[in-house]
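Survey of secondary and tertiary structure
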Amino acid sequence: MLAALRRSQLAQRTALLAPSLAIIGGFMVLPLILMAYVSILEKGTHGGVEWGTYSAEAYIKFLFERDLMGSLSVNADYLQIFLRSFVLSGVTVLLALAIGFPTALYIALQDDRWYRNLLVFMVTIPFWTNLLVRNYAWIILLRNNGLIDNAAAWLGLTQEPIDVLYTPFAIGVGLTYSFLPFMVLPIYASLEKLDLRLVEAAFDLGADRRRALARIVVPLALPGIIAGCILVFVPCLGAYVTPELLGGSKSLMIGNLIQNQFGAARNWPFGAALGFALLAIVLLAMMAYALRFRRAPGGGT
Amino acid sequence: MPQANAIDIRDITKVFGQGAEAVHALDHVSLAIREGEFFTLLGPSGCGKTTLLRLLAGFEQPTAGVIGLYGDDLAGLPPFRRPVNTVFQNYALFPHMTVAGNVAFGLEMQRWRRGDIERRVEEVLSLVKLAGYGQRKPAQLSGGQQQRVALARALANRPKVLLLDEPLSALDLKLRKEMQIELKRLQVETGITFVFVTHDQEEALTMSDRLAVMQDGKVLQVGTPAEIYERPTRRFVADFIGDTNFLQGVLGRAANGEIQIKLDVGGMVTTRHAEAHTEGERVTLAVRPERVDLEPVNAEAGEDTGRLRGVVETVVYFGTDTSYRINIDSLPEPVLVRVQNRQGAASPFASGDSVRLRIPPEAVQVLVD
Ligand SMILES: Nc1ncnc2c1ncn2[C@@H]1O[C@H](COP(=O)(O)OP(=O)(O)O)[C@@H](O)[C@H]1O
Ligand SMILES: [Mg+2]
């Protein structure tokens, strides 16, 4: 009886899991295996790969350069692109946090539930427009003779054109703008659950606003803050559209580099290897987060 | 030397909201709370007790009126600058900190030195009998223990005044009784002025040095538990605290220090206090059930002063005493009488017996309204 029940439970579980397993297996695991396979093949002369010929060339190319004689020398170009991507993503996370946390806190502190929901809704409005369109809008804002340039000149703040479009700065602005909602929403979610009486208790015990924020609000919102940081950092690392449109040819990011390998450079194995390197880094970051929060005090959710 | 006032509340009004939706949470409240006393705010839910505590703590600002702490006007002083601490109704312990971390928080805010903090935390935790619990998280403690942590945290800073908002209401009866004794002990030991909020009249009577009875944002009466119980001035106070019989009558003339009152139900009683009233005035009387005696009807004939005729409706035995409900002609509600049980004796009266109620002068309290 019990065994039969257990068996039927197993069948039920399998049936319930099957669709998601099929989707993840078919559209994630298989392509990943394929990508891993491609990354250890030789590239085809006109794009694509030579099936059945194995080579570690793609992984070597990441760090080394092979000259005409076939000898290797260290090449930091790709590493530099990775580094730039990390720095830009990190700066974006910091900017998004600096703007997003106060925004989330302000929304969470509103007494009127309708107003609060309206504000949350407004945070999500940018999602309604295509990312491409929104990034084009930033071109119009940031370019010389654009809105910001003209306004600054008119106010007498600048004499020369501002020259910010096609710089890492423009990418930082664009990325922060694009991913800000991913910072605001999880932080808001954890701040909304925050018991404001705890803040009153902190005031009561002699904490001023700054210290109540640092000792009570931020620690209790930490799961949301970290989730927000990951949700901004990870897609930033792989961002393609924003650096493509707002960054110049000198500020490539990982996403552009990978795209380039499958496009103009016709080096699929290298593109796949780059993709894998990115994936490994992201997975490591996620694992660090998981470990940190398994040991987290207070069992924050 | 006269006792100093820890807190002077002068003519405080607090209005929430505006226009038609305005709520007068406090309505011209004045109170003086003495240094070192256990002072209780007693009243039903919604009467403004929490609001008054929040004004003292600084979480709300009064709409009108002045609050003084040891003579200093508290107006505009933020909560973190006030030498008062609060034990919150829901405890409000910091869930991400240990018990020791919670208790140390206030001391860290006052920038105590590390060693001093550790010593003080130990000291306060053992004061509330939680020594050795420092490294636990609040979630790992029982309700009663959390209550003690909240107390320890509020006491650690040695506040001049400790505010307690219904701190025991979430505990079960046995634990509540224990904590009542504990709180009283802590108050005596520390000498800190306690302002304690409760809606439980028994708790208020047993714990307080003095208490204020509140209703609808007003303070109706302030006094010692005995004064409040024995000499309630308002119908609400008499009704809210203990059981009371209400009788209507007209004040007569005073003689030999006693004032006669002609009752509406017939008969006369006398009282010793009716200073606020004049001859011929209609008054309401409060008579505590245990101050009334029952006599068999055949003792003497006639209805002399202080005696009323009635018929026993119900008899309920309570161990230490017996409670009677006595029907009196033309009185809509039966009168409640409680008689202490003598050794081994069964109740001398049964349901349906005719009896006489003897209401001595000291049992009669003339109400103001
Ligand atoms: N922040 C507030 N906004 C509006 N009304 C309030 C607020 N706080 C309390 N009140 C109202 O003030 C009155 C007194 O409340 P409170 O002081 O909490 O009573 P108690 O603690 O005696 O139960 C109640 O009618 C309550 O609804
Ligand atoms: Mg209350």
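Residues numbered from 1 in each chain as written. Chains lettered and ligands numbered in written order. Predicted model: local features only at pLDDT ≥ 70, side-chain atom pairs only at ≥ 80, totals over all residues. Heavy atoms only, no water.

An unreviewed UniProt entry annotates chain B as Spermidine/putrescine import ATP-binding protein PotA originating from Ferruginivarius sediminum. What the UniProt record of chain B gives under Catalytic activity (unreviewed entry) is the line "ATP + H2O + polyamine-[polyamine-binding protein]Side 1 = ADP + phosphate + polyamineSide 2 + [polyamine-binding protein]Side 1." For chain B, the Sequence similarities (unreviewed entry) comment in UniProt is given as "Belongs to the ABC transporter superfamily. Spermidine/putrescine importer (TC 3.A.1.11.1) family." (UniProt positions renumbered as here; feature names shortened; annotations may be inferred.)

Chain A carries the name ABC transporter permease in an unreviewed UniProt entry, which gives Ferruginivarius sediminum as its organism. Turning to chain A, the UniProt annotation filed under Subcellular location (unreviewed entry) states: "Cell membrane".

As a further point, take the overall build of chain A. Counting its regular elements, chain A contains 12 helices and 4 strands. For 301 residues, the compact-globule estimate of 2.2 N^0.38 gives 19 Å, and chain A exceeds it by more than 25% at 24 Å. Principal-axis analysis of the C-alpha atoms gives chain A an extent of 85 × 75 × 35 Å. Classification of the 301 residues of chain A by burial places 37% in the buried group. Long-range contacts, defined as pairs at least 24 residues apart, comprise 63% of the intrachain contacts of chain A with a sequence gap of at least 6. With the model as given, the accessible surface of chain A reaches about 17600 Å², and the carbon-plus-sulfur share is 69%. For chain A, the distance from the average position of its 22 positive side-chain charges to the average position of its 17 negative side-chain charges is 11 Å. (Helix = DSSP H or I, 4+ residues; strand = E, 2+ residues; numbered from the N terminus. Rg over C-alpha atoms; globule rule 2.2 N^0.38 Å. Buried < 20%, exposed > 50% of the residue type's maximum accessible area, 1.4 Å probe, protein only. Contact = heavy atoms within 4.5 Å. Areas by Shrake-Rupley, 256 points an atom, 1.4 Å probe, with all protein chains shown as cover. Lys, Arg positive; Asp, Glu negative; His and termini not counted. Charge placed at Lys NZ, Arg CZ, Asp CG, Glu CD.)

Further remarks concern the layout of surface pockets. All names here are of chain A. Space inside the largest pocket adds up to approximately 680 Å³. Around the largest pocket, the lining is made up of 24 residues, and of these Leu109, Leu196, Val199, Phe203 and Arg209 lie nearest the centre. Elements represented by at least two residues in the lining of the largest pocket include exactly α3 (77-108), α7 (168-192), α8 (196-204) and α9 (209-237). With 5 residues, the single largest contributor to the lining of the largest pocket is α8. Class assignment of the residues belonging to the lining of the largest pocket gives a composition of 15 nonpolar, 2 polar and 7 charged. (1 Å grid on protein atoms, 1.4 Å probe; cavity = no way out; pocket = protein on both sides within 12 Å on 5 of 7 lines; lining within 4 Å. Points joined across faces, edges and corners; volume = space filled by probe spheres on them. Nonpolar A, V, L, I, M, F, W, Y, C, P; charged D, E, K, R; others polar.)

Quick look at the site of ligand 1 now. Residue and element names in this part refer to chain B. Residues in close proximity to ligand 1 include Phe16, Val23, Ala25, Pro44, Ser45, Gly46, Cys47, Gly48, Lys49, Thr50 and Thr51, which together make up its full environment. The contact in question runs from an oxygen atom of ligand 1 to an N or O atom on the backbone of glycine 48, over 3.0 Å. Take threonine 51: an N or O atom from its side chain is 2.5 Å from an oxygen atom of ligand 1. Burial of ligand 1 by the surrounding chains reaches 60%, relative to a free accessible area of 560 Å². Take the shell around ligand 1: its biggest share by element is 3 residues, from helix α1 (residues 49-57). When the residues that make up the shell around ligand 1 are grouped by side-chain class, the tally is 5 nonpolar, 5 polar and 1 charged. (Near = heavy atom within 4 Å. Polar contact = N/O pair within 3.5 Å; in protein donor to acceptor, adjacent residues only side chain to side chain.)

This brings us to the nonpolar core. The biggest cluster of nonpolar side chains holds 70 residues, and the ones touching the most others in it are Leu191 of chain A together with Ile7, Leu41, Phe94, Phe105 and Val195 of chain B. Not counting chain neighbours up to four residues away, the residues in contact with leucine 41 of chain B comprise Leu31, Lys49, Leu52, Leu53, Val195, Phe196, Val197, Thr198, Ala212 and Met214 of chain B. (Core = buried A, V, L, I, M, F, W, Y, C linked by side-chain atoms within 4.5 Å.)

Looking now at the sheet that holds strand β5 (residues 72-73) of chain B. Residues and elements named next belong to chain B. The 4 strands are arranged β2-β1-β4-β5 in an open sheet whose pairing can be described as antiparallel. Two strands lie at the open edges of the sheet, namely β2 (23-34) and β5, each paired on one side alone. Sheet topology places strand β1 (residues 5-16) next to strand β4 (residues 64-69); 5 bridges connect them, and they run antiparallel. Paired with arginine 10 across the bridge in β4 is valine 66. (Pairing = 2+ DSSP bridges.)

Here we take up the UniProt feature "domain: ABC transmembrane type-1" (unreviewed entry) in chain A. Those residues carrying the UniProt feature "domain: ABC transmembrane type-1" (unreviewed entry) are residues 82-289 of chain A in this numbering. Helix makes up 76% of residues 82-289 of chain A and strand 0%, whereas the separation of the span's terminal C-alpha atoms amounts to 21 Å.

All names here are of chain B. Structurally, chain B comprises domain 1 (5-238) and domain 2 (243-366). For domain 1 and domain 2, the distance between their C-alpha centroids amounts to 40 Å. Tallying the contact residues gives 7 residues for domain 1 and 12 residues for domain 2. Here domain 1 and domain 2 share an interface that buries about 920 Å² over both sides, 37% of which is from carbon and sulfur atoms. It is Tyr229, Arg231 and Arg235 in domain 1 that bury the most area against domain 2; as a group they hold 61% of the surface buried on that side. Our count for the domain 1 to domain 2 interface comes out at 1 salt bridge. In this structure, arginine 291 and glutamate 230 form a salt bridge, with 2.4 Å as the shortest nitrogen-oxygen distance. Joining domain 1 to domain 2, the criterion identifies 7 residue pairs in polar contact (both at pLDDT 80 or more). (Domains from an automatic or database assignment. Buried area = accessible area lost by both parts, 1.4 Å probe. Salt bridge = Lys/Arg side-chain N within 4 Å of Asp/Glu carboxyl O.)

All names here are of chain A. The UniProt record annotates "transmembrane region" (unreviewed entry) at residues 21-40, 81-106, 118-141, 169-191, 212-241 and 270-291. Helix makes up 75% of residues 118-141 and strand 0%, with an end-to-end C-alpha separation of 27 Å. Summarising residues 169-191: 100% helix, 0% strand, and an end-to-end C-alpha distance of 30 Å.

To continue, consider the interface of chain A and chain B. Taken together, the contacts link 19 residues of chain A with 25 residues of chain B. Counting each side, the surface lost to burial between chain A and chain B is near 2000 Å², with a carbon and sulfur contribution of 60%. Counting the surface chain A buries against chain B, the share from its top three residues, Asp204, Leu205 and Arg215 of chain A, is 35%. Here chain A and chain B share 2 salt bridges between them. The salt bridge involving glutamate 200 of chain A is made with arginine 54 of chain B; its shortest N-O contact spans 2.7 Å. Counting across the chain A and chain B interface gives 7 residue pairs in polar contact (both at pLDDT 80 or more).

Residues and elements named next belong to chain B. All chains considered together, the criterion is met by 31 salt bridges over all chains. With a shortest N-O distance of 3.6 Å, glutamate 182 and lysine 129 are connected by a salt bridge. Here glutamate 182, found in helix α5 (residues 173-190), pairs with lysine 129, found in the loop between α3 (114-127) and α4 (143-156); they are 53 residues apart in sequence, far enough to count as distant. The closest approach of N and O atoms between glutamate 182 and arginine 148, which form a salt bridge, is 3.0 Å. Highlighted residues: glutamate 182 in helix α5 and arginine 148 in helix α4, separated in sequence by 34 residues. The exposure class of arginine 148 is buried, given its relative accessible area of 14%. The network of salt bridges with shared partners includes Lys129, Arg148, Glu182, Arg185 and Glu189.

Let's shift gears to the UniProt feature "domain: ABC transporter" (unreviewed entry) in chain B. Residues annotated by UniProt as "domain: ABC transporter" (unreviewed entry) correspond here to residues 7-241 of chain B. With 36% helix and 26% strand, residues 7-241 of chain B has its two end C-alpha atoms placed 25 Å apart.

Quick look at empty space enclosed by the protein now. Residues and elements named next belong to chain B. Scanning the entire structure with this criterion turns up 1 cavity of 30 Å³ or more. The volume enclosed by the largest cavity comes to roughly 30 Å³. Along its surface, the largest cavity is lined by Asn245, Leu247, Val287, Val292, Leu308, Val335, Leu357 and Ile359. Residue composition of the lining of the largest cavity, by class: 7 nonpolar, 1 polar and no charged.

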